[in-house]
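Residue-level structural notes
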Amino acid sequence: MAENGEATPLVKLDNVNKHYGDLHVLRDINLTISKGEVLVVIGPSGGGKSTLCRAINRLETIDGGTIVFDGRPLPAEGRELARLRSEVGMVFQSFNLFAHKTILENVTLGPIKVRKKARTAAEQRGMELLERVGIASQAHKYPAQLSGGQQQRTAIARALAMDPKMILFDEPTSALDPEMVQEVLDVMVGLARDGMTMVVVTHEMGFARRAANRVVFMAEGQIVEENIPEEFFTNPSTDRAKDFLSKILTH
């Protein structure tokens, strides 16, 4: 291990490949994510963005190459895999909350069951996190009583409750009504500023400009281009990225 945190990548993907039948969804992906980095993955639909995101916590298996998380290869199964999942938070497009549990119960379930935290401590921490995402007043309601934006903020609090080393966001705002998108992105910008390592698959270019340390542009299963946001958005180097940006930034 390197002496300082900077030199040790938190995640390293080496020549990663993935097929669904004849479809080659990840092609020779090489990518390093540093601790505290906010990496935003953009590109056309079907380009492999979500698959890449889900491969990092092994919700998707890979056919070739290696993925190393915090110095260890991704475990295949069992206790080690459960540990990995507790260290890599995930926020999905659909909020995936337990409908029959209150907001606070949703947030404290992982810490109590997986981390074996005492209920009182878990609830105290849960309330702090709900406060942080701006919905402490909703703690005793059920998901169906909340707006989509509030449900997604609950999902973020739930991910944070496990004290993860990083959080993956797979299109976290694409199922939301437009007026709720910003309240979720604001929470994410706050996390980025606090130094949380994040990989965010999104169509929200404003967020990419505001919060990303690096933008990765994917198409047809490949990383076509990566750069700091300022450079990528003002001066993309590939025709594929120029074409993509011209279509989305004119609307």
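What you see is a predicted model, and the numbers here were worked out from it, not measured in a lab.

A separate point is the packing of aromatic side chains. Following the criterion strictly, the structure yields three aromatic pairs and no others. Ring geometry for F217 versus F232: centroids 6.0 Å apart, planes at 35 degrees, classification tilted. One end of the pair, F217, is in strand β9 (residues 214-219); the other, F232, is in helix α8 (residues 229-234), with 15 residues separating them in the sequence. The burial state of F217 is the same as that of F232; both residues are buried. For the pair F232 and F233, a centre-to-centre distance of 5.3 Å together with 85 degrees between the ring planes defines the contact as edge-to-face. Judged on exposure class, the residue F232 and its partner F233 are both buried. Clustering of aromatic rings is evident, with ring pairs tying together F217, F232, F233 and F244.

Our focus in this paragraph is the confidence of the model for the protein chain. Looking at the protein chain, the pLDDT average stands at 91 and 96% of residues meet or exceed 70. Note that residues 1-5 has pLDDT below 50 and, in this model, four contacts with residues that lie over four places away or in other chains.

In this section: helix α9 (residues 239-248). Listed in full, the buried residues belonging to α9 are A241, F244 and L245. An end-on view of α9 places all buried positions within 95 degrees of arc, on one side of the element. Packing partners of the buried residues in α9 comprise β3 (38-42), α7 (205-211), β9, β10 (222-227) and α8.

The next subject is the layout of surface pockets. Volume-wise, the largest pocket comes out at about 520 Å³. Lining the largest pocket are 19 residues; nearest its centre among them are R85, M90, G110, R158 and M162.

This paragraph deals with the pattern of salt bridges. Tallying each qualifying case throughout the model produces 17 salt bridges. Where R210 meets D186, a salt bridge forms, and the shortest distance between an N and an O atom there is 3.6 Å. Note that R210 is positioned in helix α7 and D186 in helix α6 (residues 178-193), a separation of 24 residues in sequence. The class for R210 is partly exposed, based on a relative accessible area of 46%. Of the residues examined, D186 reaches a relative accessible area of 39% and is grouped as partly exposed. Between E226 and R214 there is a salt bridge; the shortest N-O distance is 2.4 Å. On the criterion of sequence distance, the pair formed by E226 in strand β10 and R214 in strand β9 is long-range, its members being 12 residues apart. The class for E226 is partly exposed, based on a relative accessible area of 33%. Taken together, the shared-partner salt bridges connect K35, D70, E87 and K165 into one network.

Looking now at the pairing of β10. Here five bridges tie β9 to β10, and the two strands are oriented antiparallel to one another. Looking across to β10, one finds that V215 is bridged to N227. What sits between the antiparallel neighbours β9 and β10 is a turn of two residues, in which E220 has the positive phi angle 50 degrees.

Its place among the elements puts S94 in the loop between β6 (88-91) and α3 (103-113). Considered as a pair, S94 and Q151 are 57 residues apart in the sequence and their alpha carbons are 9.3 Å apart.

Examined bridge by bridge, strand β1 (residues 9-20) and strand β2 (residues 23-34) share eight bridges and lie antiparallel to one another. Among the inter-strand pairings, V11 is bridged to a residue of β2, identified as I33. Hairpin connection between β1 and β2: a loop of two residues separates the two successive antiparallel strands, and G21 in this loop has a positive phi of roughly 60 degrees.

Here is what the cut-offs are and how they apply
- Residues numbered from 1 in each chain as written.
- Predicted model: local features only at pLDDT ≥ 70, side-chain atom pairs only at ≥ 80, totals over all residues.
- Heavy atoms only, no water.
- Phe/Tyr/Trp six-rings, centres within 6.5 Å; stacked < 30°, edge-to-face > 60°.
- Helix = DSSP H or I, 4+ residues; strand = E, 2+ residues; numbered from the N terminus.
- Buried < 20%, exposed > 50% of the residue type's maximum accessible area, 1.4 Å probe, protein only.
- pLDDT = per-residue confidence, 0-100.
- Contact = heavy atoms within 4.5 Å.
- Arc of directions from axis to C-beta.
- 1 Å grid on protein atoms, 1.4 Å probe; cavity = no way out; pocket = protein on both sides within 12 Å on 5 of 7 lines; lining within 4 Å.
- Points joined across faces, edges and corners; volume = space filled by probe spheres on them.
- Salt bridge = Lys/Arg side-chain N within 4 Å of Asp/Glu carboxyl O.
- Pairing = 2+ DSSP bridges.

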